[in-house]
Amino acid sequence: MAEAMMVNLLDYQDAETQQRILLEATGVDYQTFEYSGVGFDYDALMRSPQVEWADIVSTQKNFKVGETPLFELSGVTQLVRHMSRPGHGAQILLKDEAANASGSFKARRASLAVALAKRRGYAGVVAATSGNYGAAVASQAAMQGLKCIILQEAYDSRGVGQPEILEKARACEAYGAEVVQLSVGPELFLTLLKVLDETGYFSASLYAPYSVLGVETLGFEIATQCREAYGRAPDSVVVSHAGGGNVTGTARGLLRAGAVETDVIAASVNLAGLHMASDGQFNRKSFTTSHTGFAMPFLDQPDRVDVPRNACRPLRYLDRMVTVEQGDVFYATELLAQFDGLERGPAGNTALAAAIPIARELPDTALVVVQESEYSGAGKNPYAQLAFARDNGIEVSVGDPRKSSPGANIILPANPEGMTVTDVDLRATREKYVRRRSLHFDRSEADLVFLAEETRLPVNAVEEIVWSK
Amino acid sequence: MPARKGSFVRVKCLLLEPGNRKSGIPEDTANVAYEMRVAGYLAEDSSEGDQVQITTVTGRSVNGALEDAQPAYTHTFGPIDPVLHEVGPRVKAWLKR
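Because the structure is predicted, anything quoted here is derived from the model rather than measured.

What follows concerns the overall build of chain B. Helices and strands together make up the secondary structure of chain B, namely 3 helices and 6 strands. The linear arrangement of helices and strands in chain B, starting from the amino end, is β-β-α-β-β-β-β-α-α. By the compact-globule yardstick of 13 Å for 97 residues, chain B is too spread out, its C-alpha radius of gyration being 22 Å. Seen through its principal axes, chain B has C-alpha atoms that stretch 65 × 40 × 25 Å. In chain B, which comprises 97 residues, the proportion classed as buried is 29%. The contacts of chain B with a sequence gap of at least 6 include a subset with a gap of at least 24, amounting to 49%.

Okay, structure coming up:
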């Protein structure tokens, strides 16, 4: 029995098997978008769900998603201005995405995925996620009358699970979903394929085009709401960044609204040094999303996901990327609660933690939008998470967060002036992206244009890198 | 702990033995089993530790060891953390400086 199961799971490593299952489970034939070299037709992929903008907006409205408030964070802005040079300290705004059904922006992605699954006649949906997306898919499946299975990487080999992940499992079950909880390891993808193969359900992948299209409404609403309240689009939008869907969808929505001057800034929690597939390190981090463990590899290797081509392509859209420390985010969570009266989940405040030091350097006439918030609750709360960290041997103290070492300690700043961001060298990342693909570059014009669009590097800069190989 | 047929329980299943994991993963992960936990309705009267069959809420049959006859949500808001608890008062004092 056990022997048969072992063979079965590893059998899903076979490329043809994967292609067959994903074609059935997504309805997208990814082969049709491929060029002969390294590139593919990204615009055609994004058009492939064949849903009109008006359809996306009305689908979300029907399923209790979108049109969330854009609040002025007057308390946090007051703190920023208290420590800024004269004439500096931008107004910070918060797009309160916790107001969506299921309590996060992930409902935007899930609503569209589940609606498409239903229209195409699937009996159920499956998603692999230990984050808010699971609750979002479960909530949408409940509303739209489909069955739902959520796969989570949940426990280490001791059977210990992060409180935040356990809370998300509870939420999924509250919405009537089946939750498959797995131990640590990349075999999550093989298990997903097995479940898709067995059930014939739709793959509500986070990396499919509809998942990104669903976030475009978020960027669009931000631009529209800012124009209504202030007569112009925001100067900067700060986005909590992990897999890239949030950045990609929000930026595309801003562009759709004509907000071409708005800077899109990604913010991720620094988890450098922790290996995401390590059983021993799994519970030594306090963030299960919005962190560099996902964000960095996805920048230059976006296609290492659960579909053949990732619709989330952050390098195409990012103007700037910064990291913050775990302690900064817990600190920002306290500031939001105690100075703006909003208790929101910690991980979703990654963008807020970055926006505070960013706003400090901008003129006081500038508008900085923090583009998401998420619900807070048992397990998804700084006290629960710091207690869990201490139980796993992590030291918690006050000092300079930049001196913290992920997996060993969490350092909170002594006051808001101690909050900083560290810039990621995006130019180097863009060049690395091209270098990685030079070996398979087929010298076609299509590939050259693809790499330039992927990286936002000038064509001649791309040429220089590929010819130097 | 015994569990009655039809009750909602959680099972644990061995998916991959230690040493038979996907190649290229960290050593500490490769050296432990790959496990799955799923909850569902129990097919027969059983006790914790027994090999059992369950039917999940989506109607799938899953075989595994009965791990928990009465699954519970035990995650909490946590104890008050002394470092975090000081943040609000400290920042209020800082604002007055």
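We are not done yet, so read on.
With that settled, the discussion passes to the overall build of chain A. When helices and strands are counted, chain A shows 18 helices and 13 strands. By the compact-globule yardstick of 23 Å for 469 residues, chain A fits well, its C-alpha radius of gyration being 21 Å. A principal-axis box enclosing the C-alpha atoms of chain A has dimensions of 65 × 55 × 45 Å. For chain A, the share of sequence-separated contacts (at least 6 apart) that also reach a separation of at least 24 residues comes to 76%.

Residue and element names in this part refer to chain A. Helix length check: helix H7 (residues 132-144) (13 residues) gives 18 Å between terminal C-alpha atoms against 18 Å at 1.5 Å per residue, within 8%. Among the 13 residues in H7, 11 count as buried, and that is most of the element. Of all the residues in H7, the buried ones are Asn132, Tyr133, Gly134, Ala135, Ala136, Val137, Ala138, Ser139, Gln140, Ala141 and Met143. As for H7, its buried residues are in contact with helix H6 (106-119), strand E3 (124-128), strand E4 (147-155) and helix H8 (163-174).

With that settled, the discussion passes to the packing of helix H13 (residues 326-340) of chain A against helix H3 (residues 87-96) of chain B. Axis separation between H13 of chain A and H3 of chain B bottoms out at 10 Å; the angle between their running directions is 70°. If you check the angle between H13 of chain A and H3 of chain B, you find them roughly perpendicular. Contacts from Tyr331, Glu334, Leu335 and Gln338 of chain A of H13 of chain A reach H3 of chain B at Val87, Gly88 and Val91 of chain B. When the residues that make up the contact of H13 of chain A with H3 of chain B are grouped by side-chain class, the tally is 4 nonpolar, 2 polar and 1 charged.

All names here are of chain A. Within strand E7 (residues 236-240), 5 of the 5 residues are buried, which leaves it mostly tucked inside the rest of the structure. Because side chains alternate across E7, one face comprises the buried residues Ser236, Val238 and Ser240, and the other comprises Val237 and Val239, equally buried. Relative to strand E8 (residues 263-269), E7 is paired through 5 bridges, and the arrangement is parallel. When the sheet's bridge partners are listed, Ser240 is paired in E8 with Ala267. In this region the chain leaves E7, passes through helix H11 (residues 245-256) and returns to the parallel neighbour E8; the handedness of that crossover is right-handed. As paired elements, E7 and strand E10 (residues 367-370) share 3 bridges and run parallel to each other. In the sheet register, Val237 faces E10, and the bridge partner there is Val369.

To continue, consider the nonpolar core. Residues and elements named next belong to chain A. Of all hydrophobic cores here, the largest spans 166 residues; its most connected members are Val125, Val137, Val238 and Ala355. Each of domain 1 (59-100 + 210-423) and domain 2 (428-467) accounts for three or more of the residues forming this core. The residues contacting Val137, other than those within four sequence positions of it, are Ala110, Ala113, Val114, Val125, Ala127, Cys148, Ile150 and Ala204.

Residue and element names in this part refer to chain A. Reading across the sheet, the 7 strands line up as E1-E2-E10-E7-E8-E9-E13 and stay open at both edges, with mixed pairing between neighbours. In the strand order of this sheet, the two ends are held by strand E1 (70-72) and strand E13 (422-423), each with one partner. Pairing geometry for strand E2 (residues 91-95) and E10, over 4 bridges, is parallel. Pairing of Ile92 across the sheet is with Val368, part of E10.

If you want to describe how two helices pack, look at the angle between their axes and the distance between the axes. Residues and elements named next belong to chain A. The interhelical angle for the contact between helix H2 (residues 15-26) and helix H9 (residues 188-199), taken along N-to-C directions, is 60°, at an axis separation of 10 Å. The orientation of H2 with respect to H9, classified from their angle, is oblique. Considering how the two elements wind past one another, H2 and H9 form a crossing that is left-handed. Side by side, H2 and H9 meet where Gln18, Ile21 and Ala25 of the first sit next to Leu193, Leu196 and Asp197 of the second.

Contacts between the two partners involve 50 residues from chain A and, on the opposite side, 36 residues from chain B. Elements with a minimum of two residues in the side of chain A that touches chain B: helix H1 (2-11), helix H5 (74-82), E4, H8, strand E5 (178-183), H13, helix H15 (382-391) and strand E11 (395-399) of chain A. Considering only residue class, the side of chain A that touches chain B consists of 27 nonpolar, 16 polar and 7 charged. By the bridge criterion, 2 bridges tie E5 of chain A to strand E3 (residues 34-42) of chain B in an arrangement that is antiparallel. Note on E3 of chain B: the bridge partner recorded for Leu182 of chain A is Met36 of chain B.

This next bit is on H8 of chain A. All names here are of chain A. In this model, H8 (12 residues) spans 16 Å end to end at C-alpha, consistent with the 16 Å of a helix rising 1.5 Å per residue. Of all 12 residues in H8, 9 are buried, a share of seventy percent or more. Within the span of H8, buried status applies to Pro163, Glu164, Ile165, Leu166, Glu167, Lys168, Ala169, Ala171 and Cys172. In this fold, the buried residues of H8 make contact with H7, E4, E5 and H15. With its phi angle positive at about 90°, Gly176 sits one or two positions after the end of H8.

Relative to the helices and strands, Lys61 of chain A is located in helix H4 (residues 53-62). For the pair Lys61 of chain A and Ser111 of chain A, spaced 50 residues apart in sequence, the C-alpha separation works out to 9.5 Å.

Below, the discussion takes up the confidence of the model for chain A. In the predicted model, chain A carries a mean pLDDT of 95, and the fraction of residues at 70 or more is 98%. A low-confidence stretch, residues 1-7 of chain A (pLDDT under 50), is modelled with 5 contacts involving residues beyond four sequence positions or located in other chains.

This paragraph deals with the domain arrangement of chain A. It is common to report an interface's size as the accessible area lost on association of the parts. Residues and elements named next belong to chain A. Under the domain assignment, chain A is made up of domain 1 (59-100 + 210-423) and domain 2 (428-467). For domain 1 versus domain 2, the separation of C-alpha centres amounts to 30 Å. Domain 1 puts 5 residues into the contact, and the matching count from domain 2 is 9 residues. Taken together, the residues that form the side of domain 1 that touches domain 2 break down as 2 nonpolar, no polar and 3 charged.

Conventions we followed
Residues numbered from 1 in each chain as written. Chains lettered and ligands numbered in written order. Predicted model: local features only at pLDDT ≥ 70, side-chain atom pairs only at ≥ 80, totals over all residues. Helix = DSSP H or I, 4+ residues; strand = E, 2+ residues; numbered from the N terminus. Rg over C-alpha atoms; globule rule 2.2 N^0.38 Å. Buried ≥ 20, exposed ≤ 12 C-beta atoms within 10 Å, placed from the backbone. Contact = placed C-beta atoms within 7 Å. Expected span 1.5 Å × (residues − 1). Axes fitted to C-alpha atoms, helices over the stretch in contact; angles between N-to-C directions. Parallel < 35°, antiparallel > 145°, perpendicular 65-115°, else oblique. Nonpolar A, V, L, I, M, F, W, Y, C, P; charged D, E, K, R; others polar. Pairing = 2+ DSSP bridges. Right-handed = clockwise from strand over helix to strand, strands pointing away. Core = buried A, V, L, I, M, F, W, Y, C linked by C-beta atoms within 7 Å. Domains from an automatic or database assignment. Left-handed = near helix turned anticlockwise from the far one by under 90°. pLDDT = per-residue confidence, 0-100.

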